[in-house]
Number of protein chains: 2
Amino acid sequence: MTARFSRDALVRELRRRGIRVTAQRIAVAEAILGAAEHLTVQEIYRRVRQRFPHITVGTVYNTLEVLTASGLIQPLPFPGGTRYDTDPTPHLNVVCIRCGQVRDLPDDGGHLAGLAELARRRTGFQPLSQQAAIYALCPSCSPS
Amino acid sequence: MTARFSRDALVRELRRRGIRVTAQRIAVAEAILGAAEHLTVQEIYRRVRQRFPHITVGTVYNTLEVLTASGLIQPLPFPGGTRYDTDPTPHLNVVCIRCGQVRDLPDDGGHLAGLAELARRRTGFQPLSQQAAIYALCPSCSPS
DNA sequence: TTTCATGCAAAAGTTTTGCAACCCC
DNA sequence: GGGGTTGCAAAACTTTTGCATGAAA
């Protein structure tokens, strides 16, 4: 996920979503949007602190909740802590259980959409978001 | 998930998997296998403590890791902590993001199998297990 | 008898909370 | 100016670790 917003566009996007804009919030959003992988809260915290040495984890958590509620980012419960995703299109996370690397794949077969539809039909629940992970061994971590 | 093993069968199953059998491990396994829902570690701990008041969380975590490594149970990273699943067949978790209830659905359309296959083909990773969750609002929690 | 699990305790890590000062709108 | 946000601090909660004792094979 490369940066999808210029600074200005990001500010506009936040305002559009009814989020009060602060420098810290911009920094948090930029950290997530500019990352190639799904960052943990600590990783986000570390990056933002380079620009705002006085920011606290509490503020980061606060901001993550606001951004999540607005739909700009999505929390992914992972072993080892919550990570944040910015890809709004449904996709698959493939996780190596040994080295921890995560690869994203688009929902090419429409399987994720199919699962959401299945859930709606069978439970009457109203699907909002989804997460799918395959836990696997990457080639380097596979027993040769 | 109702209990799938008699006490004796469970002991045999643990031995078959190369797990050293202790009374505490049986209790932990029975708690998980006998539960209808996916229990958190604290819920497991609370249940087992009724039989073994001196057991510690450390032992529960230890046991969960052993049972996971053997493939008898599967950890599910959920918002709010890890839960444990005993259903070895791939299935879908539908979670109400407000009240937290979880419903399981079988992989009727073969979507989960399709995702694992997609992951294998596209990444070369060797799929071991999987998790799919739909975050949704249940009828009672839906804004009428 | 040897090896490994348990219990106890402490520590590391994650997430939440309360509140006064401050900043965005 | 008003109300929401920040920083600071403490606390609650989850998970990991070290070690002496005890139990399983």
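These figures come from a predicted structure and were not determined experimentally.

Enquirer: Would you mind going over the overall build of chain A with me for this structure?
Expert: From N to C terminus, chain A includes five helices and six strands. When the helices and strands of chain A are read in sequence order from the N terminus, they spell out α-α-β-α-α-β-β-β-β-α-β. The principal-axis extents of the C-alpha atoms in chain A amount to approximately 45 × 45 × 25 Å. Within chain A, buried positions represent 44% of all 144 residues. Contacts spanning at least 24 positions in sequence make up 51% of the contacts within chain A whose residues lie at least 6 apart. Just so you have it, chain A exposes about 7400 Å², and 49% of that area is on carbon and sulfur atoms. Across chain A, the centroid of the 18 positively charged side chains sits 5 Å from that of the 12 negatively charged ones.

Enquirer: Would you take a moment to explain the sheet that holds strand β2 (residues 74-78) of chain A for this structure?
Expert: Through backbone hydrogen bonds, the strands of a sheet pair up, either in parallel or in antiparallel fashion. Residues and elements named next belong to chain A. Strand order in the open sheet made by the three strands is β1-β3-β2, with antiparallel pairing throughout. Both edges of this open sheet fall to β1 (39-40) and β2, since each of them pairs with a single strand only. Both β2 and strand β3 (residues 81-85) contribute to a ladder of five bridges, which runs antiparallel. Residue pairing for β3: Pro 75 is matched across the bridge by Tyr 84.

Enquirer: Would you take a moment to explain the relation of the copies chain A and chain B for this structure?
Expert: Think of it as a corkscrew move, a rotation about one axis and a shift along it, taking one chain copy to the other. Taken as rigid bodies, chain A and chain B are interconverted by a rotation of 180° and an axial shift of 0.0 Å, the fit giving an RMSD of 0.0 Å. In short, the pair behaves as if placed about a two-fold rotation axis. Ranked by how close their C-alpha atoms come to the rotation axis, the residues of chain A are headed by Ala 132 of chain A, at 2.1 Å.

Enquirer: Is there a simple way to think about the nonpolar core in this case?
Expert: In terms of nonpolar packing, the biggest core is built from 32 residues, with Leu 92 of chain A together with Leu 92 of chain B touching the most fellow members. Put simply, the parts of the chain that give this core at least two residues each are β4 (91-96), α5 (111-123) and β6 (126-137) of chain A together with β4 (91-96), α5 (111-123) and β6 (126-137) of chain B. In contact with Leu 92 of chain A, other than residues within four places in its own chain, are Arg 103, Asp 104, Leu 105, Leu 112, Ala 132, Ala 133 and Ile 134 of chain A together with Leu 115, Leu 118 and Ala 119 of chain B.

Enquirer: Any chance you could explain the protein's contact with DNA strand D here in plain terms?
Expert: Taken together, the neighbourhood of DNA strand D is formed by 16 residues, with Arg 20, Thr 22, Gln 24 and Arg 25 of chain A together with Tyr 61 of chain B sitting nearest. One of the side-chain N or O atoms of Arg 20 of chain B is found 3.4 Å from a base nitrogen in DNA strand D. Contact distances for DNA strand D include 2.5 Å between a phosphate oxygen and a side-chain N or O atom of Tyr 61 of chain B. The class makeup of the residues in the surface near DNA strand D is four nonpolar, eight polar and four charged.

Enquirer: How do you make sense of the interface of chain A and chain B when you look at a structure like this?
Expert: Many structure descriptions define interface size as the accessible area lost when the parts assemble. In this assembly, 39 residues from chain A lie in contact with 39 residues from chain B. Summing both sides of the interface, chain A and chain B together bury roughly 3400 Å²; the carbon and sulfur share of this comes to 69%. Summed over the shared surface of chain A and chain B, the number is two salt bridges. Across the salt bridge formed by Arg 122 of chain A and Asp 108 of chain B, the nearest N and O atoms sit 2.7 Å from each other. Our count for the contact surface shared by chain A and chain B stands at eleven residue pairs in polar contact (both at pLDDT 80 or more). Looking at the side of chain A that touches chain B, the elements with two or more residues in it are β2, β4, β5 (102-106), α5 and β6 of chain A.

Enquirer: Sorry if this is basic, but what is going on with the protein's contact with DNA strand C here?
Expert: Close to DNA strand C lie 16 residues; Arg 15, Arg 20 and Tyr 61 of chain A together with Thr 22 and Gln 24 of chain B are nearest. A share of 80% of the atoms of DNA strand C within 4 Å of the protein falls on sugar and phosphate groups. Between Arg 20 of chain A and DNA strand C, the recorded distance is 3.0 Å, taken from a side-chain N or O atom to a base oxygen. Put simply, the parts of the chain that give the surface near DNA strand C at least two residues each are α3 (41-51) of chain A together with α2 (23-33) and α4 (57-70) of chain B.

Enquirer: Sorry if this is basic, but what is going on with the side chain of His 38 of chain B here?
Expert: Residue and element names in this part refer to chain B. Along the chain, His 38 falls in the loop between α2 and β1 (39-40). The exposure class of His 38 is buried, given its relative accessible area of 6%. At 3.2 Å, the side chain of His 38 and the side chain of Asn 93 are in polar contact. Discounting residues that sit within four places of it in the chain, His 38 has contacts with Glu 43, Leu 76, Arg 83, Tyr 84, Asp 85, His 91, Asn 93, Val 102 and Asp 104.

Definitions and cut-offs
Residues numbered from 1 in each chain as written. Chains lettered and ligands numbered in written order. Predicted model: local features only at pLDDT ≥ 70, side-chain atom pairs only at ≥ 80, totals over all residues. Heavy atoms only, no water. Helix = DSSP H or I, 4+ residues; strand = E, 2+ residues; numbered from the N terminus. Buried < 20%, exposed > 50% of the residue type's maximum accessible area, 1.4 Å probe, protein only. Contact = heavy atoms within 4.5 Å. Areas by Shrake-Rupley, 256 points an atom, 1.4 Å probe, with all protein chains shown as cover. Lys, Arg positive; Asp, Glu negative; His and termini not counted. Charge placed at Lys NZ, Arg CZ, Asp CG, Glu CD. Pairing = 2+ DSSP bridges. Least-squares fit on C-alpha atoms with pLDDT ≥ 70 in both. Core = buried A, V, L, I, M, F, W, Y, C linked by side-chain atoms within 4.5 Å. Near = heavy atom within 4 Å. Polar contact = N/O pair within 3.5 Å; in protein donor to acceptor, adjacent residues only side chain to side chain. Nonpolar A, V, L, I, M, F, W, Y, C, P; charged D, E, K, R; others polar. Buried area = accessible area lost by both parts, 1.4 Å probe. Salt bridge = Lys/Arg side-chain N within 4 Å of Asp/Glu carboxyl O.

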